[in-house]
Amino acid sequence: MKATAVTTKHESGSVHALREEQDGLLHGYWDWFREVGIRKGSVHFDRGDPVGDRITYDTAGEAYKVSHR
């Protein structure tokens, strides 16, 4: 089955997260954002399990922390 793109939003209407799901599980790349639209973090999932590195971004949207899985 092919992954489905999902967008969630903050109460203000700005994008909260862009992600993909497959069979109800997170699958593929996931980005989430601060309410002002600046990226907050990103991670890749394989059928619900996080894989690879998780990147956290500072309030300017610059990568400042990489957590290895």
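Chains are numbered independently. Their residues run from 1 in the order of the written sequence. Local features in this predicted model are restricted to residues of pLDDT 70 or higher, and side-chain atom pairs are both shown and tallied only at a pLDDT of 80 or more, whereas totals for entire chains, interfaces and linings draw on every residue. Calculation of side-chain values draws on the structure's entire complement of heavy atoms; hydrogens and water are dropped beforehand.

What to know about the pattern of salt bridges
- For this analysis, a salt bridge means a side-chain nitrogen from Lys or Arg found within 4 Å of a carboxyl oxygen belonging to Asp or Glu. In total, this model carries three salt bridges according to the counting rule given.
- Ionic pairing is found between Asp 23 and Arg 47, a salt bridge with its closest N-O pair at 3.1 Å. Highlighted residues: Asp 23 in the loop between β2 (15-22) and β3 (25-26) and Arg 47 in the loop between β5 (39-46) and β6 (49-57), separated in sequence by 24 residues.
- Given the relative accessible area of 38%, Arg 47 is considered partly exposed.
- For Arg 39, the salt bridge is made with Asp 31, and the minimal N-O distance between the two is 3.5 Å. Under the DSSP-based scheme used, a helix requires at least four consecutive residues in state H or I and a strand at least two consecutive residues in state E, with every element numbered from the N terminus. Throughout this description, buried means an accessible area under 20% of the type-specific maximum (1.4 Å probe, protein chains only), exposed means over 50%, and partly exposed covers the range between.

Section: the pairing of strand β4 (residues 28-33)
- For two strands to pair, DSSP has to find at least two bridges joining them. Sheet analysis places β2 next to β4, joined by two bridges and oriented antiparallel. Residue Ala 17 lies in a different strand from β4, and its bridge partner there is Trp 32.
- When β4 meets β5, the two strands line up antiparallel, connected through six bridges. Across the sheet, the residue bridging to Trp 30 is Val 43, located in β5.
- A loop of five residues connects β4 with β5, the two strands running antiparallel in sequence, and Gly 37 in this loop sits at a positive phi of about 100 degrees.

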